[in-house]
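# What the coordinates show
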Amino acid sequence: MADTTRIEVDTAIAERLAALAGDVPVATFLATLVDTAESQLALERGARAFDRITSVPGIREAFARDFGPHSSTSTQAA
């Protein structure tokens, strides 16, 4: 059995969570919600890192050249 802890929310929030969860157990719904939020944060951090890296003069152009739609490494549809 996994470790568990209780989280108290007011009745209105609990009802909204149950409605959003539908047929899925609320604990499973919340776990999925947390996974989604963590993934979103990781994507945002990655995007910020990409923006910082590509702010170096010439890097964005080199990236577009090497990985853009017309680069030799891209997959071309037949």
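Within every chain, residues take consecutive numbers counted from 1 along the sequence as written. In keeping with the model being predicted, local features are shown solely for residues with a pLDDT of at least 70 and side-chain atom pairs are shown and tallied solely at 80 or more, while totals for entire chains, interfaces and linings include all residues. Side-chain calculation: all heavy atoms of the structure are included, whereas hydrogens and water are not.

On average, residues of the protein chain carry a pLDDT of 88, and 88% of them reach 70 or more. Scored from 0 to 100, pLDDT records how confident the predictor is in each individual residue. Numbering goes from the N terminus for both helices and strands, where a helix is a DSSP run of H or I of at least four residues and a strand is a run of E of at least two. When pLDDT is averaged over each helix and strand of the protein chain, the minimum, 88, is found for helix H3 (residues 59-67) and the maximum, 96, for helix H1 (residues 11-21).

Each aromatic pair joins two rings of Phe, Tyr and Trp (for Trp, the six-membered one) with centres within 6.5 Å, and gets the label stacked for planes under 30 degrees apart, edge-to-face for over 60, and tilted for any other angle. Applying the stated criterion to the full structure yields two aromatic pairs. Their ring planes at 75° and their centres at 5.2 Å tell us that Phe-50 and Phe-63 sit as a pair that is edge-to-face. One end of the pair, Phe-50, is in helix H2 (residues 26-54); the other, Phe-63, is in helix H3, with 13 residues separating them in the sequence. Three labels apply to residues, based on accessible area from a 1.4 Å probe with only protein chains included: buried if under 20% of the type maximum, exposed if over 50%, partly exposed otherwise in between. Residue classification places Phe-50 among the partly exposed positions, given a relative accessible area of 33%. The exposure class of Phe-63 is partly exposed, given its relative accessible area of 39%. Ring geometry for Phe-63 versus Phe-67: centroids 5.0 Å apart, planes at 40°, classification tilted. One end of the pair is Phe-63 and the other is Phe-67, both in helix H3 and four residues apart, which spans about a single turn. Judged by relative accessible area, which is 54%, Phe-67 ranks as exposed. One aromatic cluster in this structure is built from Phe-50, Phe-63 and Phe-67.

Assignment of secondary structure puts Thr-54 in helix H2. At a separation of 2.7 Å, a polar atom in the side chain of Thr-54 contacts the main-chain carbonyl oxygen of Phe-50. For Thr-54, the side chain forms a polar contact with the side chain of Arg-60, separated by 2.9 Å. Contacts: residue pairs with any heavy atoms within 4.5 Å of one another. Once you skip the residues sitting within four places of it in the chain, Thr-54 turns out to touch Ile-59 and Arg-60. Side-chain atoms alone can form a polar contact between residues adjacent in sequence; in general such a contact is a pair of N or O atoms within 3.5 Å, and within protein one must be able to donate a hydrogen while the other accepts it.

Two measures define how a pair of helices packs: the angle their axes make with one another and the distance between the axes. Axes here mean lines fitted to C-alpha atoms, for a helix over just the part in contact, with angles spanning 0 to 180 degrees between N-to-C directions. Where H2 meets H3, the closest approach of the two axes is 8 Å, and the angle between their N-to-C directions is 110°. By the angle class used here, H2 and H3 are roughly perpendicular. For the pair H2 and H3, the contacting residues are Phe-50, Asp-51, Ile-53 and Thr-54 in the first and Ile-59, Arg-60 and Phe-63 in the second. Amino acids outside the nonpolar list (Ala, Val, Leu, Ile, Met, Phe, Trp, Tyr, Cys, Pro) and the charged list (Asp, Glu, Lys, Arg) are all regarded as polar, and Gly is one of them. Considering only residue class, the contact of H2 with H3 consists of four nonpolar, one polar and two charged. By definition in this entry, angles of less than 35 degrees are roughly parallel, angles greater than 145 are roughly antiparallel, angles of 65 to 115 are roughly perpendicular, and the rest are oblique.

One can describe the packing of H1 onto H2 by two numbers: an axis separation of 9 Å at closest approach and a directional angle of 85°. Taken together, the axes of H1 and H2 lie roughly perpendicular to each other. Of H2, the residues touching H1 (which contributes Leu-17, Ala-18, Leu-20 and Ala-21) are Val-26, Phe-29 and Leu-30. Across the contact of H1 with H2, the residue classes tally to seven nonpolar, no polar and no charged.

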